[in-house]
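Examining the three-dimensional arrangement
One letter stands for each residue in the lines below.
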Amino acid sequence: MNKTTMSKLPLILIAEDDEDDQMLMKSAFKDNQIDCLLEFMADGERLMEYLKANDTRPSLILLDLNMPKVDGKTALKAIKNSAEYRHIPTMIISTSSSEAEVRKVYDLGAAAYLVKPASYDDLIELVKHLTSFFFDTATLSKT
């Protein structure tokens, strides 16, 4: 892929501190043959630093709920309180299905709350449906 082609691909930022989960996510995107750029950060602090340091805006942001330094809720709040980033669809992906957590992140402006699937096959399906909706059905802001 050349640089021009890469710049036209959707960028997905994923804040996930577990390296095994990062590897599984990469594989699920690859197995679905989704043309996009994936960037992983180990925590919300690095995600916010990435956003501030780069002109390229992501098409989607996925945040793990429980991360060191800056957790998913804190990063989500910062994103949704920023005029520059609030338009970016930002979702929480977590092992927790706590109603209190779900309600809190929707109150903070999450586009969705996704429970991490228990199996790899279910993760492949989640990634397929998520990207199909956001890249094929929804209209996303380009800036």
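Description of the structure in this document. Treat the numbers as computed from the prediction; the structure is a model and nothing was measured.

Once that is clear, we can look at the sheet that holds strand β3 (residues 60-64). With respect to topology, five strands assemble into an open sheet ordered β2-β1-β3-β4-β5, the strand pairing being parallel. With partners counted over all chains shown, the strands left at the sheet margins are β2 (37-41) and β5 (112-115), one partner each. This sheet shows a mean twist of 20° between the axes of neighbouring strands, independent of strand direction. In the sheet, strand β1 (residues 11-15) pairs with β2 via five bridges, with the strands oriented parallel. Across the sheet, residue A15 finds its bridge partner in β2, namely M41.

Here we take up the side chain of N32. For N32, the location among the structural elements is in the loop between α2 (19-31) and β2. The class of N32 is buried, set by a relative accessible area of 18%. Side-chain polar atoms of N32 contact the backbone oxygen of I124, separated by 2.9 Å. When neighbours within four sequence positions are excluded, N32 is seen to be in contact with I124, V127 and K128.

Taken as a whole and judged by the stated rule, the model has one aromatic pair. Judged by centre distance (4.9 Å) and plane angle (85°), the ring pair of F133 and F134 falls under edge-to-face.

Another point: the pairing of β1. Across the five residues of β1, five count as buried, placing the element largely inside the fold. Going residue by residue along β1, you find L11, L13 and A15 tucked away on one face and I12 and I14 tucked away on the opposite face as well. Handedness of the β-α-β unit built from β1, α2 and β2 comes out right-handed. Bridging between β1 and β3 involves four bridges; their strand directions are parallel. Following the sheet pairing, A15 is matched in β3 by L63.

On to the pattern of salt bridges. Under the criterion given, the structure shown has eight salt bridges. Among the ionic pairs, R57 bridges to E84, the shortest N-O distance being 2.2 Å. One end of the pair, R57, is in the loop between α3 (44-53) and β3; the other, E84, is in the loop between α4 (72-80) and β4 (90-94), with 27 residues separating them in the sequence. A salt bridge links E99 to R103; the nearest nitrogen and oxygen atoms lie 3.6 Å apart. Within this pair, E99 and its partner R103 are both found in helix α5 (residues 99-107), separated by four residues, close to a single helical turn. For the pair E99 and R103, a shared accessibility class is recorded, and that class is exposed. A single network of salt bridges, built from pairs that share partners, joins E16, D21, D64 and K116.

Moving on: unusual backbone geometry. Residue Q33 is not a glycine yet carries a positive backbone phi of 55°. For Q33, the location among the structural elements is in the loop between α2 and β2. With phi around 65°, K69 is a residue other than glycine that occupies positive phi space. Position of K69 among the secondary structure elements: in the loop between β3 and α4.

Conventions used here
Residues numbered from 1 in each chain as written. Predicted model: local features only at pLDDT ≥ 70, side-chain atom pairs only at ≥ 80, totals over all residues. Heavy atoms only, no water. Pairing = 2+ DSSP bridges. Helix = DSSP H or I, 4+ residues; strand = E, 2+ residues; numbered from the N terminus. Axes fitted to C-alpha atoms, helices over the stretch in contact; angles between N-to-C directions. Buried < 20%, exposed > 50% of the residue type's maximum accessible area, 1.4 Å probe, protein only. Polar contact = N/O pair within 3.5 Å; in protein donor to acceptor, adjacent residues only side chain to side chain. Contact = heavy atoms within 4.5 Å. Phe/Tyr/Trp six-rings, centres within 6.5 Å; stacked < 30°, edge-to-face > 60°. Right-handed = clockwise from strand over helix to strand, strands pointing away. Salt bridge = Lys/Arg side-chain N within 4 Å of Asp/Glu carboxyl O.

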